[in-house]
Amino acid sequence: MTDTNRVPVIDGLFSEGPQGARLLGSRCLSCATPYFPSAGTCHNPECSDSKIQDASFGPSGTVWSSSIQNYPPPVPARYDEPYVPYALGVVDLDDGLRVVGRMAVDDPSSVSVGDRVELVIEPLCHNEDGSEPISWMFRPT
Ligand SMILES: [Zn+2]
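Note that this is a predicted model, so its numbers are computed, not measured.

*Asks:* Is there a simple way to explain the environment of Val 105 in this structure?
*Replies:* Mapped onto the secondary structure, Val 105 falls in the loop between strand E8 (98–103) and strand E9 (116–123). Overall, the relative accessible area of 23% leaves Val 105 in the partly exposed class. Through-space distance from the C-alpha of Val 105 to that of Pro 140 is 7.7 Å; in sequence the pair is 35 residues apart. Discounting residues that sit within four places of it in the chain, Val 105 has contacts with Ala 87, Ser 110, Val 111 and Pro 140.

Structure (structure tokens):
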């Protein structure tokens, strides 16, 4: 299987490079509030000078909260059949963004608050035509 089978589930939300995976968003230069996906204006009510600039986030972070998805999520969620429960994490990336993502672990009960993780880009499922919709996930380090 080649990388050409890896298709971003949504274009423009993440990238993979030599420094690892990154989430693509923006940050307000005035108050430093991070946005993912990117925002056109700052939504911080205490910020009076919205100056939005493109920014990327990751790859290191810490689990703030987690849960196990025990039943298949509704469309448009993607997963392999038969459904296998997986862990979801809310992760504080070191550069200031708090974001939800699937945990890239075999045992969903193994995730704990405070675990150090890295952002990775992995397939959400494997389609019969060989394509693999990819998205961001978090892997313990
Ligand atoms: Zn701001």
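Past the structure itself, the notes keep going.
*Asks:* Sorry if this is basic, but what is going on with the packing of aromatic side chains here?
*Replies:* Under the criterion given, the structure shown has four aromatic pairs. Considering the side-chain rings of Tyr 79 and Tyr 83, the 5.0 Å spacing of their centres and the 80° angle between planes classify their relative orientation as edge-to-face. Residue class for Tyr 79 comes out partly exposed when judged on its relative accessible area of 22%. Under the relative-accessibility criterion, Tyr 83 is labelled buried at 16%. With centroids separated by 6.0 Å and ring planes inclined at 65°, the aromatic side chains of Tyr 83 and Tyr 86 adopt a geometry described as edge-to-face. Taken together, the aromatic side chains of Phe 14, Phe 36 and Trp 136 make up a single cluster linked through ring pairs. The cationic tip of Arg 98 hangs over the ring face of Trp 64; the distance from NZ or CZ to the ring centre is 3.9 Å.

*Asks:* Would you mind showing me how to read the coordination of the zinc ion here?
*Replies:* The expected angle between donors at a tetrahedral four-coordinate metal is 109.5 degrees. At an octahedral six-coordinate metal it is 90 or 180 degrees. The zinc ion binds to the protein through Cys 28 (SG), Cys 31 (SG), Cys 42 (SG) and Cys 47 (SG); the donor distances cover 2.3 Å. The site at the zinc ion holds four donor atoms, and with the angles between them running 102 to 115°, its shape is tetrahedral. Of note, the donors binding the zinc ion are all from one chain and are spaced C-x2-C-x10-C-x4-C. Cys 47 matches Cys 42 in its accessibility class, with the two residues each being buried.

What counts, and at which threshold
- The residue count restarts for each chain, going from 1 along the sequence in the order it is written.
- Residues qualify for local features only when their pLDDT is at least 70, as the model is predicted, and side-chain atom pairs are given and counted only at 80 or more; totals for whole chains, interfaces and linings, by contrast, use all residues.
- Heavy atoms throughout the structure, all of them, feed into the side-chain values; hydrogens and water do not.
- A helix here means a DSSP run of H or I that spans at least four residues, while a strand means a run of E at least two residues long, and both kinds are numbered starting from the N terminus.
- Buried residues are those whose accessible area, probed at 1.4 Å on protein chains only, stays under 20% of the maximum for their type, while exposed residues exceed 50% and partly exposed ones sit between those limits.
- Note on contacts: a residue pair qualifies if any of its non-hydrogen atoms lie within 4.5 Å across the two residues.
- Any Phe, Tyr or Trp ring, taking Trp's six-membered ring, that has another such ring centre within 6.5 Å forms a pair; planes under 30 degrees apart are called stacked, those over 60 apart edge-to-face, and the others tilted.
- Think of it as a cone above the ring: NZ of Lys or CZ of Arg counts as a charge over the ring if it is within 6 Å of the ring centre and within 35 degrees of the ring normal.
- Any N, O or S atom lying within 2.8 Å of the metal counts as a donor, with the limit raised to 3.2 Å for Na, K and Ca; because water is left out of the atom set, some sites can appear incomplete.
- When four donors show all angles between 85 and 135 degrees the site is tetrahedral, when four or six donors have opposite pairs over 155 degrees and all other angles between 65 and 115 it is square planar or octahedral respectively, and in every other case it is irregular.

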